[in-house]
Amino acid sequence: MSAFTGNHILSVSQFDREQLEQIFAVADQMVPYAKREKVTRVLEGAILNNLFFEASTRTRLSFGSAFNLLGGEVRETTGLKSSALAKGESLYDTARVISGYADIIVMRHPMEGSVAEFAKASRVPVLNGGDGSNEHPSQALLDLFTMRKELARFDRDLDEVKVAMIGDLAHGRTVHSLSRLLALYKKVSFTFVAPKELGMPIEIVEYLIEKGHEVTETQSLEQGIADVDIVYQTRIQEERFSSQEVANQYRGAYRINQYVYSQFCQPSTVIMHPLPRDSRAEANELDTDLNENPNLAIFRQTDNGVLVRMALFALILGVEEKVAEYARPVNWYIGKRF
Ligand code: CP
């Protein structure tokens, strides 16, 4: 049993550094299961309900895979229109009902604060899979886990790291959560690159400064990505704008390709993105010509997401020390994915 057992994961504000280390240590133990070297059935009989009332590929599927990899079953609903919320059912009633069906729930919803509201009525732990522009805690955890691993290749850690966050910082919940988590480390240098209207919310900037970090805000990509350890590119969150036309004014404002990287970044700068990257010609925010760049970490981020989400399930359901006890070898061809 740990401090996580039976608890919701709603905001990164609930973590301290010690807890982050605990999550990351459990995530490291999940590697043989995620790599299909071993199978564990530690959650056999447990049920996850995945409630995704807003579009998702990676968060929904990696949470589902993580639960399956621990031996549990997954039931899902996707889209607001296909749920009873569209018939006027409240979050309270939905939570009371669904928490009778499952041992744990992951929820994504377009409204800020909705997952916390749902969690108040839930009888089982709830994980925030993204609530509007507010927070995306599991993404921030996997991003931080990835940053640690990427920096370790250069004998660095997160203290005194220099990070540039780029794009729609006003609506991007991943950068909101990630900034607050990074603030737990020492003397972090944040550079926020965004159009004037899409800057990082002032309360987050003030929070980072109050915690003793350096914050630079600029509209210049070239200036922002020079001399940083990590470039964290983001998508214009078109679903949060009043119209597609308004969003289109910003799409393509900041494009990073191999030429831009070679011209302006340090040779060791790590490139990250929570994904999806908008690869349409008018946006092309992270060009596919970076795919062979060894410092492009975007697909390592997605792989790490499974490890971190397995760790969260194991810790919340109190089985983190029993995973190996329920392990056995795999008996199928595992391919060359890893
Ligand atoms: N990063 C992320 O949240 O991706 P999805 O929207 O595909 O879940």
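Since we're looking at a predicted model, the values are computed, not measured.

Asker: Looking at this structure, how should I read the domain arrangement of the protein?
Answerer: Frequently, the measure chosen for interface size is the accessible area that the parts lose on association. Once the domains are mapped, the protein shows domain 1 (12-135 + 302-329) and domain 2 (137-299). Relative to domain 2, the C-alpha centre of domain 1 lies at a distance of 25 Å. If you look at the interface, domain 1 gives 32 residues, while domain 2 gives 29 residues. Sorting the residues of domain 1 by area buried against domain 2 places V12, R17 and F24 first, and these three jointly supply 25% of that buried surface. Salt-bridge contacts for E54 lead to R173; the nearest nitrogen and oxygen are separated by 3.0 Å. At the junction of domain 1 with domain 2, the criterion picks out 16 residue pairs in polar contact (both at pLDDT 80 or more). Residue assignment for the side of domain 1 that touches domain 2 shows that the elements contributing at least two residues are α1 (17-29), α3 (58-69), β4 (104-109), β5 (126-131) and α12 (298-316). Sort the elements by how many residues they give to the side of domain 1 that touches domain 2 and α12 lands first, with eight residues. Class assignment of the residues belonging to the side of domain 1 that touches domain 2 gives a composition of 11 nonpolar, 10 polar and 11 charged.

Asker: Could you clarify how one ought to interpret the packing of helix α4 (residues 91-98) against helix α5 (residues 114-121) in this entry?
Answerer: Axes are the key here: two packed helices are described by the angle between their axes and the distance separating the axes. Packing of α4 against α5 leaves a shortest axis separation of 8 Å and a crossing angle of 55°. As the angle between them shows, α4 and α5 are arranged oblique. In this structure, α4 crosses over α5, and the sense of that crossing is right-handed. On α5, the residues touching L91, Y92, T94, A95 and R96 of α4 are S114, E117, F118 and A121.

Asker: Could you clarify how one ought to interpret the pairing of strand β7 (residues 189-193) in this entry?
Answerer: On a regular strand, each side chain points to the face opposite its neighbour's, so the side chains alternate between the two faces of the sheet. Burial of β7 is extensive: five of the five residues sit out of reach of the surface. Taking every second residue as pointing to the same face, both faces of β7 are buried, with S189, T191 and V193 on one and F190 and F192 on the other. Pairing of strand β6 (residues 162-166) with β7, which is carried by five bridges, proceeds in the parallel orientation. Within the sheet, the bridge partner assigned to M165 lies in β7 and is F192. Between the parallel pair β6 and β7, the chain is carried across by helix α7 (residues 173-182), and the sense of this crossover is right-handed. Pairing analysis gives five bridges linking β7 to strand β8 (residues 214-218), with the strands arranged parallel. Bridge assignment links F190 to a residue of β8, and that residue is V215. Of the crossover connections in this fold, the one passing from β7 over helix α8 (residues 202-210) to the parallel β8 is right-handed.

Asker: What am I meant to see in empty space enclosed by the protein here?
Answerer: Empty space among the atoms can be located by rolling a probe the size of a water molecule over them. Applying the stated criterion across every chain, the model contains two cavities of 30 Å³ or more. Residues that form the lining of the largest cavity fall into these classes: five nonpolar, four polar and two charged. By volume, the second largest cavity is sized at about 50 Å³. Surrounding the second largest cavity, R58, S62, Q139, L142, P274, Q301, T302, G305 and R309 form its lining. Broken down by element, the residue count for the lining of the second largest cavity peaks at four residues, all from α12. Of the residues in the lining of the second largest cavity, the class split is two nonpolar, five polar and two charged.

Asker: Is there a simple way to explain the nonpolar core in this structure?
Answerer: Buried together is how nonpolar side chains tend to be arranged in soluble globular proteins. I23, L144, M147, M165, L182 and F313 are the most contacted members of the largest nonpolar core, which has 69 residues in total. Ranked by residue count, the leading element in this core is α12, at 10 residues. Here this core gathers at least three residues from each of two domains, domain 1 (12-135 + 302-329) and domain 2 (137-299). The residues contacting I23, other than those within four sequence positions of it, are F4, F15, L141, V308, A311, L312 and L315. Counting residues in each nonpolar core, the second largest holds 18 residues, with I166, V193, L221 and L296 among its members.

Asker: Whenever I open this one, the pattern of salt bridges confuses me. Can you help?
Answerer: Pairing of side chains with opposite charge becomes possible as their charged atoms draw close. Inspection of every chain in the model, using the stated rule, returns 17 salt bridges. K196 is the partner of E197 in a salt bridge, and the nearest nitrogen-oxygen pair spans 3.9 Å. Accessibility expressed as a relative area gives 64% for K196, which makes it exposed. If you follow the salt bridges from partner to partner, you end up with E238, R251, D278, R280 and E282 in one network.

Asker: Help me out: how do you make sense of the sheet that holds strand β3 (residues 73-78) in this one?
Answerer: What holds strands together in a sheet is hydrogen bonding between their backbones, with the strands either parallel or antiparallel. In space, the four strands of this open sheet follow the order β3-β2-β4-β5, with parallel pairing throughout. One side of each edge strand has no neighbouring strand; the edge strands of this open sheet are β3 and β5. Going across the sheet, the axis of each strand differs from the next one's by a mean of 10°, ignoring polarity. As paired elements, β4 and β5 share four bridges and run parallel to each other. When the bridges of β5 are listed, V106 appears paired with L127.

Asker: Sorry if this is basic, but what is going on with the site of the ligand here?
Answerer: Around the ligand, the surrounding shell consists of S56, T57, R58, T59, R108, H136, Q139, P274 and L275. In this structure, T59 approaches the ligand through a side-chain N or O atom, which is 2.6 Å from an oxygen atom. Within the side chain of Q139, a nitrogen or oxygen atom sits 3.0 Å from a nitrogen atom of the ligand. The fraction of the free accessible surface of the ligand (260 Å²) that becomes covered by protein chains is 91%. Counted by class, the shell around the ligand contains two nonpolar, five polar and two charged residues. Each of domain 1 (12-135 + 302-329) and domain 2 (137-299) accounts for three or more of the residues forming the shell around the ligand.

Cut-off values and rules
- Residues numbered from 1 in each chain as written.
- Predicted model: local features only at pLDDT ≥ 70, side-chain atom pairs only at ≥ 80, totals over all residues.
- Heavy atoms only, no water.
- Domains from an automatic or database assignment.
- Contact = heavy atoms within 4.5 Å.
- Buried area = accessible area lost by both parts, 1.4 Å probe.
- Salt bridge = Lys/Arg side-chain N within 4 Å of Asp/Glu carboxyl O.
- Polar contact = N/O pair within 3.5 Å; in protein donor to acceptor, adjacent residues only side chain to side chain.
- Helix = DSSP H or I, 4+ residues; strand = E, 2+ residues; numbered from the N terminus.
- Nonpolar A, V, L, I, M, F, W, Y, C, P; charged D, E, K, R; others polar.
- Axes fitted to C-alpha atoms, helices over the stretch in contact; angles between N-to-C directions.
- Parallel < 35°, antiparallel > 145°, perpendicular 65-115°, else oblique.
- Left-handed = near helix turned anticlockwise from the far one by under 90°.
- Buried < 20%, exposed > 50% of the residue type's maximum accessible area, 1.4 Å probe, protein only.
- Pairing = 2+ DSSP bridges.
- Right-handed = clockwise from strand over helix to strand, strands pointing away.
- 1 Å grid on protein atoms, 1.4 Å probe; cavity = no way out; pocket = protein on both sides within 12 Å on 5 of 7 lines; lining within 4 Å.
- Points joined across faces, edges and corners; volume = space filled by probe spheres on them.
- Core = buried A, V, L, I, M, F, W, Y, C linked by side-chain atoms within 4.5 Å.
- Near = heavy atom within 4 Å.
- Areas by Shrake-Rupley, 256 points an atom, 1.4 Å probe, with all protein chains shown as cover.

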